[in-house]
Amino acid sequence: MCIRDRIIDVLERLSPRQYACDWDNVGLLVGRREREVYKLMIALDASKEVVSYAVKQKADMLITHHPMIFSSIKQVNEEQFVSEKILTLAENRISYYAMHTNFDAVGGMAELAAGSRYLNLSEVSPIEYSGNTQEGMGRYGRLPKPMTAREVAEYVKKMFHLPFVMLYQSREKAEQIFDRIAVMPGSGKSEMKAVKQQGYSLYLTGDYGHHEGLDAMDMGMTVIDATHYGLEHIFISYISQYLRETFGEDTIEIVEADMGCPVQIL
């Protein structure tokens, strides 16, 4: 078995593909399985910047959390930005692999975010189940100490190395003390009502909009929006370390491509 197949096998033992959501697109999306891998790049997204960086670094394989290809593609040419990236990867013989909701459900993003390296929550339990796994997409847990929402926001910024987060909270709740939190890395708008039904009024997630934030406040919820990047960029260092420990430093060279949060507050 070549190193590329061994890498895929190791990743799919960590986060089996069958746990990905039906709408998702995971696995080897570009390239041939049999080509050897000497240099591997890991990123959150296969943006044009990341693909160009992979070419510059002469990487043999690119692994991301978010799939570059979601909807159907009828033409592969330079006129569409997704198909142009596919061409660039193929022309430079760079294989491309994505592990998305299968990693969210098993492996996994929420467990990592809630764990001792980041939020350090106790009494942790899943927000939801995925298939037959007990791990789930998100986590409920108890904070290391009681805090206001602003204090939790500062704590999140510190532990995830973020320049900012966004807080949706009504003014009369500004001094409220929280000892429990619900965490859903990525985009968690659809789970807010379920979180509230479980008795949690502090919710840490991403991709909240103006109207959804107002709705949350009207429902008595406090939401910390760390952006989609904020709680998921930890995928990069985690997978890097996992593969280094599995294969050893001398087998493959691993490059971490964390391009930072794409959102800037000026």
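Residues numbered from 1 in each chain as written. Predicted model: local features only at pLDDT ≥ 70, side-chain atom pairs only at ≥ 80, totals over all residues. Heavy atoms only, no water.

Colleague: Hey, could you run me through the sheet that holds strand β11 (residues 253-257) in this one?
Modeller: Adjacent strands of a sheet pair through backbone hydrogen bonds, lying either parallel or antiparallel. Reading across the sheet, the five strands line up as β1-β4-β3-β2-β11 and stay open at both edges, with mixed pairing between neighbours. Strands with a single pairing partner mark the edges of an open sheet, and in this sheet they are β1 (27-30) and β11. Strand-to-strand twist across the sheet, computed as the mean angle between neighbouring axes with direction ignored, equals 25 degrees. One ladder, built from four bridges, connects strand β3 (residues 61-64) with strand β4 (residues 95-98); its direction is parallel. Across the sheet, residue Ile63 finds its bridge partner in β4, namely Tyr97. (Pairing = 2+ DSSP bridges. Helix = DSSP H or I, 4+ residues; strand = E, 2+ residues; numbered from the N terminus. Axes fitted to C-alpha atoms, helices over the stretch in contact; angles between N-to-C directions.)

Colleague: Help me out: how do you make sense of the pattern of salt bridges in this one?
Modeller: If the charged atoms of two oppositely charged side chains come close together, the side chains can form a pair. One pass over the structure, following the stated rule, counts eight salt bridges. Here Glu253 makes a salt bridge to Lys39, at a shortest N to O gap of 3.8 Å. Placement of Glu253 in strand β11 and of Lys39 in strand β2 (residues 39-43) is noted, with a sequence separation of 214 residues between them. What makes Glu253 partly exposed here is its relative accessible area of 43%. Shared partners join several salt bridges into a network, and the residues in it are Glu123, Arg142 and Asp179. (Salt bridge = Lys/Arg side-chain N within 4 Å of Asp/Glu carboxyl O. Buried < 20%, exposed > 50% of the residue type's maximum accessible area, 1.4 Å probe, protein only.)

Colleague: It is not clear to me how the packing of aromatic side chains should be interpreted in this structure. Could you clarify?
Modeller: How two aromatic rings sit relative to each other is given by the distance of their centres and the angle of their planes. All chains considered together, the criterion is met by seven aromatic pairs. With a centroid separation of 6.3 Å and 35 degrees between ring planes, the pair formed by Trp23 and Phe70 is classed as tilted. Note that Trp23 is positioned in the loop between α1 (3-14) and β1 and Phe70 in the loop between β3 and α3 (81-91), a separation of 47 residues in sequence. Looking at Trp23, the relative accessible area reads 54%, which means it is exposed. For Phe70, a relative accessible area of 44% gives the class partly exposed. For the pair Tyr140 and Tyr200, a centre-to-centre distance of 4.4 Å together with 25 degrees between the ring planes defines the contact as stacked. Placement of Tyr140 in strand β6 (residues 139-147) and of Tyr200 in the loop between α7 (192-197) and β9 (202-205) is noted, with a sequence separation of 60 residues between them. Taken individually, Tyr140 and Tyr200 each receive the classification buried, so the pair is uniform in this respect. An aromatic cluster is built from Phe103, Phe235, Tyr238 and Tyr242, whose rings are joined through pairwise contacts. (Phe/Tyr/Trp six-rings, centres within 6.5 Å; stacked < 30°, edge-to-face > 60°.)

Colleague: How should the nonpolar core be read in this particular structure?
Modeller: Where a protein is soluble and globular, its nonpolar side chains tend to be buried together. One finds Ile7, Leu40, Ile63, Val156 and Leu243 to be the most contacted residues of the largest nonpolar core, which totals 49 residues. The contact partners of Leu40, leaving out residues within four places of it in the chain, are Ile7, Met61, Ile63, Leu243, Ile252, Glu253, Ile254 and Val255. Core analysis: the second largest hydrophobic core is formed by 20 residues, Met41, Val50, Ala98 and Val255 among them. (Core = buried A, V, L, I, M, F, W, Y, C linked by side-chain atoms within 4.5 Å. Contact = heavy atoms within 4.5 Å.)

Colleague: Looking at this structure, how should I read the sheet that holds strand β10 (residues 222-225)?
Modeller: Judged by pairing direction, the sheet is mixed, and its six strands sit side by side in the order β5-β6-β8-β9-β10-β7 without closing on themselves. Edge positions in the sheet fall to β5 (122-126) and β7 (166-168), since each of these pairs with one other strand and no more. Neighbour to neighbour, the strand axes of the sheet diverge by 25 degrees on average, direction disregarded. Relative to β9, strand β8 (residues 178-183) runs parallel, the two sharing two bridges. Residue pairing in the sheet places Val183 in a bridge with Leu204 of β9. Of the strands in this sheet, β6, β7, β8, β9 and β10 are in contact with helix α6 (residues 149-160), which crosses β6 at around 110 degrees.

Colleague: Looking at this model, I keep getting lost on the packing of helix α2 (residues 48-56) against α3. Mind explaining?
Modeller: The geometry of a pair of packed helices is captured by two quantities: the angle between their axes and the separation between those axes. In contact at an axis separation of 10 Å, α2 and α3 are set at 10 degrees when each is read in the N-to-C sense. The angle between α2 and α3 places the two elements in the roughly parallel class. Counted together, Lys48, Val51 and Val55 of α2 and Glu84, Lys85, Thr88 and Leu89 of α3 form the full contact between these two elements. Considered class by class, the residues forming the contact of α2 with α3 number three nonpolar, one polar and three charged. (Parallel < 35°, antiparallel > 145°, perpendicular 65-115°, else oblique. Nonpolar A, V, L, I, M, F, W, Y, C, P; charged D, E, K, R; others polar.)

Shape descriptors only; they carry no functional weight alone.
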